[in-house]
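Understanding the architecture of this molecule
So you can see what is in the structure, the chains are spelled out below.
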Amino acid sequence: MVQEFDKVGVVGLGTMGAGIAEVFARAGFNVVGVEIDQAALDRGKGHLDKSLSKAVSKGKIDEEERAAIDGRLTFTSSRNELADADFVVEAVPESIAIKRDVFGDLDRICSPGTILATNTSSLSVTEIAALTGRPDKVVGLHFFNPAPVMKLAEVITTVSTSGDTVDVVTEVAKRIGKTPITVGDRAGFVANALLVPYINDAIKLYERKVASREQIDTAVQKAAGLPMGPLTLADMVGLDVCLAVMDVLWDEYKDPRYVASPLLRRMVAADHFGRKSGQGFYAGR
Ligand code: CAA
């Protein structure tokens, strides 16, 4: 069934959406990237261009492969162009109002058999599926930043997801070179339920002045052999994303260990989102 897949839509070309579009195009799929207007499309193309240039400079792909990948990528500001898409991944901002708008359109525009996936990291996939008339064909397909590099893909199922949909999406995840794990629709799924409270704890240590940001990052890197420390990772993931995940964990479990650090909340209120806004624990300093 997956072999018949050809055209994949990616709605939203921010950091994650652009990375997801790249992953599919590199795996041989024809990808249509959708954004709301020309300025957003240009920003999305910029993310792709930067990442593909890095892949070339790192020797992951050569110039010929890069040209083939570019040839498989098209861009549009019209969701109607997804009418014949075989599979669509949504990666728009984490607002249920925006998701409602996107999934309402996708449900109307795409053929009834098309599977719709969301890359949400903090909203309920069940709630998103219920925005459509095809909840059996809606799943979470959760990528990790940077999407072209990180190997995990969480396939999030709901009480409405059909077994066929899970099988197809799991196979798609393998086709694009990811290691899929199947996860139930609970706050944080698996990876973020573990990772984001750890980042939040690091922020708490920092705001209590237990150690400097560099010392906290060095401690974890050297102790656990991780590629980057938690405050660097927070800047990369986005402080807004970290806060959103903490808040859904708190809403779901009301467990004190899921209370967001006051500093994290204030930084987000001040639009200090990390790398993407230029201000964070390190960014901009
Ligand atoms: N395409 C293909 N490969 C690429 C690439 C690209 N665009 N960019 C980099 N790479 C490859 C490099 O070639 C290199 O591969 P090798 O090890 O085989 O040589 C590897 O990726 C590492 O790249 P770099 O050497 O450029 O960079 P680095 O060593 O500084 O690593 C990093 C950068 C991959 C980001 C690394 O620091 C890392 O893994 N950090 C942790 C990231 C992480 O934890 N992400 C999950 C966040 S949680 C999340 O995203 C979910 C959520 O919902 C909040």
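Numbering of residues starts from 1 in every chain and runs along the sequence as written. Local features in this predicted model are restricted to residues whose pLDDT is 70 or higher, and side-chain atom pairs enter the listing and the counts only when it is 80 or higher, whereas totals over whole chains, interfaces and linings include all residues.

On to the overall build of the protein chain, then. Put simply, DSSP marks the helices as runs of H or I at least four residues long and the strands as runs of E at least two long, and each gets a number from the N terminus on. When helices and strands are counted, the protein chain shows eleven helices and eight strands. Taken over C-alpha atoms, the radius of gyration comes to 19 Å for the protein chain, in line with the 19 Å a tight globule of 285 residues would show. Each principal axis of the C-alpha distribution contributes one length, and for the protein chain these read about 55 × 45 × 35 Å. Backbone-placed C-beta atoms define the burial measure: a residue is buried with 20 or more other C-beta atoms within 10 Å of its own, exposed with 12 or fewer, and partly exposed in between. In the protein chain, buried positions account for 45% of the 285 residues. Throughout, the radius of gyration refers to the C-alpha atoms, and the reference size of a globule is 2.2 Å times the residue count to the power 0.38.

This part is about the site of the ligand. Should the C-beta atom of a residue, placed from the backbone, lie within 6 Å of a molecule or strand, that residue is near it. Inspection of the region around the ligand gives 19 residues, with Ala-55, Lys-58, Ser-121, Asn-145 and Pro-227 positioned closest. Contributing elements (two or more residues each) for the shell around the ligand: helix H2 (38-57), helix H7 (191-207) and helix H9 (230-237). For the shell around the ligand, the element with the highest residue contribution is H2, accounting for three residues. Three classes are used, and their members are as follows: Ala, Val, Leu, Ile, Met, Phe, Trp, Tyr, Cys and Pro are nonpolar, Asp, Glu, Lys and Arg are charged, and the others, Gly among them, are polar. Residue composition of the shell around the ligand, grouped by class: twelve nonpolar, four polar and three charged. Two domains each donate at least three residues to the shell around the ligand, and these are domain 1 (2-184) and domain 2 (192-269). For each domain, the first and last residues come from an automatic or database assignment.

With that out of the way, let us pick up the domain arrangement of the protein chain. For the protein chain, the assigned domains are domain 1 (2-184) and domain 2 (192-269). Averaged C-alpha coordinates put domain 1 and domain 2 at centres separated by 27 Å. Tallying the contact residues gives four residues for domain 1 and seven residues for domain 2. Along the lines of polarity and charge, the residues of the side of domain 1 that touches domain 2 split into no nonpolar, three polar and one charged. This entry defines residue contacts through backbone-placed C-beta atoms, with two residues in contact when those atoms are within 7 Å.

Given the number of residues in a helix, its expected span is that number minus one, multiplied by 1.5 Å. Relative to the 24 Å expected for 17 residues at 1.5 Å per residue, H7 spans 24 Å between its end C-alpha atoms, a close match to the ideal helical length. Taken residue by residue, H7 has Asn-192, Val-196, Pro-197, Ile-199, Asn-200, Ala-202, Ile-203 and Tyr-206 as its buried positions. In this fold, the buried residues of H7 make contact with helix H8 (213-224), H9, helix H10 (239-253) and helix H11 (262-269). Note on H7: the residue one or two positions beyond its end, Lys-209, has a positive phi of about 60°.

Of all residues in the protein chain, 98% attain a pLDDT of 70 or more, and the chain-wide mean is 96. Both confidence scores are given for the complex: pTM 0.95, ipTM 0.91. Each residue carries a pLDDT score, the predictor's own confidence in it, on a scale running from 0 to 100.

What follows deals with the pairing of strand S5 (residues 115-118). Remember that side chains alternate between the two faces of the sheet whenever the strand is regular. Side chains Ile-115 and Ala-117 project from S5 onto one buried face, and the interleaved Leu-116 and Thr-118 project onto a second face that is buried too. Two strands pair under a simple rule: DSSP has to find at least two bridges between them. As defined by bridge partners, strand S4 (residues 87-90) adjoins S5 across four bridges and the pair is classed as parallel. Looking across to S5, one finds that Val-89 is bridged to Ala-117. In this fold, S4 hands off to helix H4 (residues 96-109), which returns the chain to S5; that crossover is right-handed. Across three bridges, S5 lies against strand S6 (residues 138-142) in parallel orientation. The residue of S6 that forms the bridge with Ala-117 is Val-139. Here a crossover is taken to be right-handed if, once the strands point away from the viewer, the path from the first strand over the helix to the second is traced clockwise.

The next point concerns helix H6 (residues 163-175). Note: α-helices contain 3.6 residues per turn, so residues at a spacing of three or four share the same orientation. For H6, with 13 residues, the first-to-last C-alpha span of 18 Å sits near the 18 Å given by 1.5 Å per residue. Those residues of H6 that sit buried are Thr-165, Val-168, Val-169, Thr-170, Val-172 and Ala-173. Positive phi shows up at Gly-177, right after H6, with a value of about 85°.

Time to look at the pairing of strand S8 (residues 179-184). Here six bridges tie strand S7 (residues 152-157) to S8, and the two strands are oriented parallel to one another. The partner of Leu-152 across the bridge, within S8, is Thr-179. In the classification by handedness, the crossover that spans S7, the intervening H6 and the parallel S8 is right-handed.

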